[in-house]
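Each chain is listed here by its residues.
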Amino acid sequence: MQKPPIHKSFLNAFRGILLMLKTERNFQIEVAAFLINIILIFYFKLSAADTVLVLLASAGVLSAEIFNTGIERICDVIQPDFDKRIGFIKDISAGAVLLMTIASVITGVIVYWKYIFQ
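Residues numbered from 1 in each chain as written. Predicted model: local features only at pLDDT ≥ 70, side-chain atom pairs only at ≥ 80, totals over all residues. Heavy atoms only, no water.

With the rule as written, the count across this model stands at 4 salt bridges. The partner of Glu-24 in a salt bridge is Arg-73, with the nearest N and O atoms 2.7 Å apart. Of this pair, Glu-24 sits in the loop between α1 (6–23) and α2 (25–43) while Arg-73 sits in helix α3 (residues 48–78); the two residues are 49 residues apart in sequence, bridging distant segments of the chain. Classification of Glu-24 by relative accessible area gives buried; the value is 16%. Across the pair Asp-83 and Arg-85 runs a salt bridge whose closest N-O atoms are separated by 2.8 Å. Classification of Asp-83 as buried rests on a relative accessible area of 12%. (Salt bridge = Lys/Arg side-chain N within 4 Å of Asp/Glu carboxyl O. Helix = DSSP H or I, 4+ residues; strand = E, 2+ residues; numbered from the N terminus. Buried < 20%, exposed > 50% of the residue type's maximum accessible area, 1.4 Å probe, protein only.)

On to the environment of Glu-72. Mapped onto the elements, Glu-72 comes out in helix α3. For the pair Glu-72 and Ile-86, spaced 14 residues apart in sequence, the C-alpha to C-alpha distance is 8.7 Å.

Evaluation of the coordinates by the stated rule reveals 4 aromatic pairs. Measuring from centroid to centroid gives 5.0 Å for Tyr-43 and Phe-44, while their planes differ by 80 degrees, and the two rings are edge-to-face. Given the relative accessible area of 61%, Tyr-43 is considered exposed. When the ring of Phe-44 is compared with that of Tyr-112, the centres are 6.1 Å apart and the planes differ by 45 degrees; the resulting orientation is tilted. (Phe/Tyr/Trp six-rings, centres within 6.5 Å; stacked < 30°, edge-to-face > 60°.)

Another point: the environment of Ser-104. By the secondary structure assignment, Ser-104 is in helix α4 (residues 84–116). Residue class for Ser-104 comes out buried when judged on its relative accessible area of 15%. In sequence terms Ser-104 and Ile-116 are 12 residues apart; their C-alpha atoms lie 17 Å from each other. If we ignore the near neighbours within four places in the chain, the residues touching Ser-104 are Ala-57, Ser-58 and Val-61. (Contact = heavy atoms within 4.5 Å.)

Okay, α2 next. With 19 residues, α2 extends 27 Å from end C-alpha to end C-alpha; this agrees with the ideal 27 Å at 1.5 Å per step. Among the residues of α2, Phe-27, Glu-30, Val-31, Asn-37 and Ile-41 are the ones counted as buried. Axial view of α2: buried residues confined to an arc of 110 degrees, hence all on one face. More than 90 degrees from the buried face of α2, the exposed residues found are Arg-25, Ile-29, Ile-39 and Tyr-43. Packing partners of the buried residues in α2 comprise α1, α3 and α4. Where α2 ends, the next residue or the one after it, Lys-45, has phi of about 50 degrees, a positive value. (Expected span 1.5 Å × (residues − 1). Arc of directions from axis to C-beta.)

So far we have only geometry, and geometry alone does not tell us how the molecule works.
Listed below in structure tokens is the structure:
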């Protein structure tokens, strides 16, 4: 199979992000948190290193949510009815998002602490 042109690949990727925004409530909340972080980066004038940490943590949560949604959708196609094994897969996938979110919040507290209390 021939690979699509590079611009088609980017369009497909952007379409995927838009689909996530339209259909996934948690992703919408996480994007809102990301936008708040963008505002805070400029408000507190974060250093380059701190900005990178906040952006990587935020992108990590968004990426984990996208992977989680993909895994859940694949599971629903494979087994539309309740199955304990599929439930296990979905739970550990959601757990990965939770871990990334906790790490992201801890990163945010560590980074913003010095800017808020200086």
